[in-house]
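If you want the building blocks of each chain, they are given just below.
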Amino acid sequence: MAAGLTEHRASPERLFRGREKVWSDLDGLLTELETRPESLTYEDVQAFSILYQAVCADYSLAQLHFPKLTLTARLGRLCARGKRQLRAPQTSKAAQIWQFFISDFPRLFRRLAGVRRLSLGIFAIATIFGCAMGWSSDGFIEMLVAPDAIDYFQSGNLWTDEVSAGSELSATLYTNNVGVMLKAWGAGLLVGLGTVGILLFNGLHIGVVFGGAYRYQVDEGLVDWIAAHGPLELYVITVAGAAGLWLGRGIWVASTEPRREVFAQHAKESLLLMLGAAPWMVLAGIIEGFISPQDGLSTPIKAFVGAAALALMLGYTQFSARGGYND
Amino acid sequence: MSLEQNTFVVRGAQSAPVELTLAGVMSRSAAICIDAACYAVLLFVIGVGGYFLIDSLDTTGIDESTEILIAVLMTSTFLLQWGLLSIMAIAMDGASVGKQVFRLRVVSRDGSEASPFAHILRSFLLPIDLMVGPWIMAFSKDMVRLGDLAAQTVVIYEAPEPTWLLTDLPQGVTADEVALLEAWIEGEAALDEEVSAELAERTCEYFDERHPGYLPEKGQGASYRMSLFADSVRNGL
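Everything numeric here is computed off the predicted structure, so don't read it as measured data. (Residues numbered from 1 in each chain as written. Chains lettered and ligands numbered in written order. Predicted model: local features only at pLDDT ≥ 70, side-chain atom pairs only at ≥ 80, totals over all residues. Heavy atoms only, no water.)

Trainee: Can you explain the overall build of chain B? Please cite residues and give values.
Mentor: Regarding its fold elements, chain B presents nine helices and five strands. Along the chain direction, N to C, the helices and strands of chain B fall in the order β-β-β-α-α-α-β-α-α-α-β-α-α-α. Against the globule reference of 18 Å for 237 residues, chain B gives a C-alpha radius of gyration of 27 Å, more extended than a compact globule. Taking the principal axes of the C-alpha coordinates as reference, chain B spans close to 90 × 45 × 30 Å. Burial statistics for chain B: of 237 residues in total, 43% are counted as buried. Nonlocal contacts in chain B, meaning residues at least 24 apart in sequence, comprise 58% of its contacts between residues at least 6 apart. For chain B, the accessible surface area stands at approximately 12400 Å², while carbon and sulfur atoms represent 60% of it. For chain B, the separation between the mean place of its 14 positive charges and that of its 32 negative charges on side chains is 8 Å. (Helix = DSSP H or I, 4+ residues; strand = E, 2+ residues; numbered from the N terminus. Rg over C-alpha atoms; globule rule 2.2 N^0.38 Å. Buried < 20%, exposed > 50% of the residue type's maximum accessible area, 1.4 Å probe, protein only. Contact = heavy atoms within 4.5 Å. Areas by Shrake-Rupley, 256 points an atom, 1.4 Å probe, with all protein chains shown as cover. Lys, Arg positive; Asp, Glu negative; His and termini not counted. Charge placed at Lys NZ, Arg CZ, Asp CG, Glu CD.)

Trainee: Account for the side chain of B:T203, naming residues and giving values.
Mentor: Residue and element names in this part refer to chain B. With respect to the helices, strands and loops of the structure, T203 is situated in helix α8 (residues 193–210). Engagement of the side chain of T203 in a polar contact is seen with the backbone oxygen of L199, the distance being 2.7 Å. If we skip the residues at most four places from it in the chain, T203 touches L180, L181, L215 and M226. (Polar contact = N/O pair within 3.5 Å; in protein donor to acceptor, adjacent residues only side chain to side chain.)

Trainee: Talk me through helix α4 (residues 116–124) of chain B; I want residue IDs and the actual numbers.
Mentor: Within α4(B), eight of the nine residues are buried, which leaves the element mostly enclosed by the surrounding structure. The complete set of buried residues in α4(B) reads B:P116, B:A118, B:H119, B:I120, B:L121, B:R122, B:S123 and B:F124.

Trainee: How would you explain the pairing of strand β2 (residues 7–11) of chain B if you had to name every residue and give the values?
Mentor: All names here are of chain B. In terms of burial, β2 is a largely internal element, four of the five residues being buried. Where β2 lies against strand β3 (residues 17–22), five bridges are found, and the strand directions are antiparallel. Considered in β3, the bridge of F8 is made with L20. Taken together, β2 and the strand that follows it, β3, pair antiparallel across an intervening segment of five residues, in which Q14 is found at a positive phi of about 55 degrees. (Pairing = 2+ DSSP bridges.)

Trainee: For empty space enclosed by the protein, give the residues involved together with the corresponding values.
Mentor: Summed over all chains, the structure comprises one cavity of 30 Å³ or more. Mapped onto the lining of the largest cavity, the elements with two or more residues apiece are α6 (93–111) of chain A together with α2 (63–91) and α4 of chain B. Per-class residue counts for the lining of the largest cavity are five nonpolar, four polar and three charged. (1 Å grid on protein atoms, 1.4 Å probe; cavity = no way out; pocket = protein on both sides within 12 Å on 5 of 7 lines; lining within 4 Å. Points joined across faces, edges and corners; volume = space filled by probe spheres on them. Nonpolar A, V, L, I, M, F, W, Y, C, P; charged D, E, K, R; others polar.)

Trainee: Mind laying out the packing of α6(A) against helix α15 (residues 299–319) of chain A, listing which residues take part and the relevant values?
Mentor: Residues and elements named next belong to chain A. In the contact formed by α6 and α15, the axes pass within 7 Å of each other and the chain directions differ by 95 degrees. In terms of axis orientation, α6 runs roughly perpendicular to α15. Within the contact between the two elements, α6 uses F101, F105, P106, F109 and R110 and α15 uses M313, Y316, T317, Q318 and F319. Here the contact of α6 with α15 is built from residues that sort into seven nonpolar, two polar and one charged. (Axes fitted to C-alpha atoms, helices over the stretch in contact; angles between N-to-C directions. Parallel < 35°, antiparallel > 145°, perpendicular 65-115°, else oblique.)

Right, here's the structure in full:
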């Protein structure tokens, strides 16, 4: 059969007589789909299904017998355009974003509880170790915080005392913090080790600051500053770390599936985890910019705000979209 | 998916193999450069516009408004830095300004439209790909960078639609004969006058024998007849 096909001197005219209308109808439908999809009727969609299959069949014949003709290239382009429309999202982009925050992100957040705990554990251990280091020696403070941090401690002040509340401070903080989140995530490409490094560094940094502040007895001022935004901000940093660890896992985890697919699945889930957590970092930045610097608010009130913000995030992620198969 | 040279094959209806042309490293790099220029221009506009706005607000002494404006500018700059490529790709169905110039498009590996998250993932991994991407592409069969690997996408080249199409064919014409006519229409302008005249003579002789009446104006000069034929096809679409 194959030998007969290759020997058969097929005529393009014979095979495609009368097919021009089918091709131009599909061309017209595709143009409508690409420019004004909302104008299509149910009948148009049915027609598209029939026309697309017919053109693909014509293209298969053309490729087999006349692979180099312009006509074949045209049919190929029609098939490629049709293929692009086949799995185009049916819901609006706004609906997809809503679905993501209402359902997809909370479920993913719960499913990745193990790696979140790992990230939190790494950060916590580094923080405790940093506290011990900051409490024990000025050298660590100079190395990990800033050379002039000790001057502030020794004067009984903090560098946060000079900060005034406002939009500019808030924007500076949340853009910086979301940038840190992105770096923590991207560092996961180093088989997760980059993310571990960032978690360790950030934990040590925070710990050394606390240890040094306690040693110089300015810890009350630091707690006052950090009480409102700290719990939420630090927790979201660990979530970003979890996203980076998950991304790295896609590179090393053993699986029966092809590595490319495993990596792609992990990359998608890690990005979704980070994108879902990013708005909470913005909230933490807004709190840090407007509430934390307020001298008129007492520490217990700021602590209440901090606890409430963290509880809001935990409540949303733990209780939203419950009752699914994976829950 | 099978690969031949720089093509990427996906399956259409009834498993029809649809060949897509992969975009090369040079065209993709050039497209990135154009997108970077767009980013720089937008950044400049935001910066200069913001400067004049802040300056005008400062003269009236409205501090809170200045702060809010600075916050808006900082947020806009941040979103521009991390989101410009994603926004362009989502809004332009897998293309960007640079990709449009070179007729490139990002699609899923099965040929369908890439999802918004795929575009976001590709753009977030671009800073890393600027360092390692060319190396990965050089050793990759289907010219993918790290962002493409993660998002399961490929970048294809969309050839422009032909400005003419030879559809009015004589009965019993073979593929080789159609290819001969198409080659003539495509390349007649580049032919030397003597060569063109001789080819026209031979082509007219051949078609008058095999498909009488197909080529126009029998009895006129061969070059004239072939030019007339080519013009009629070009003007047909």
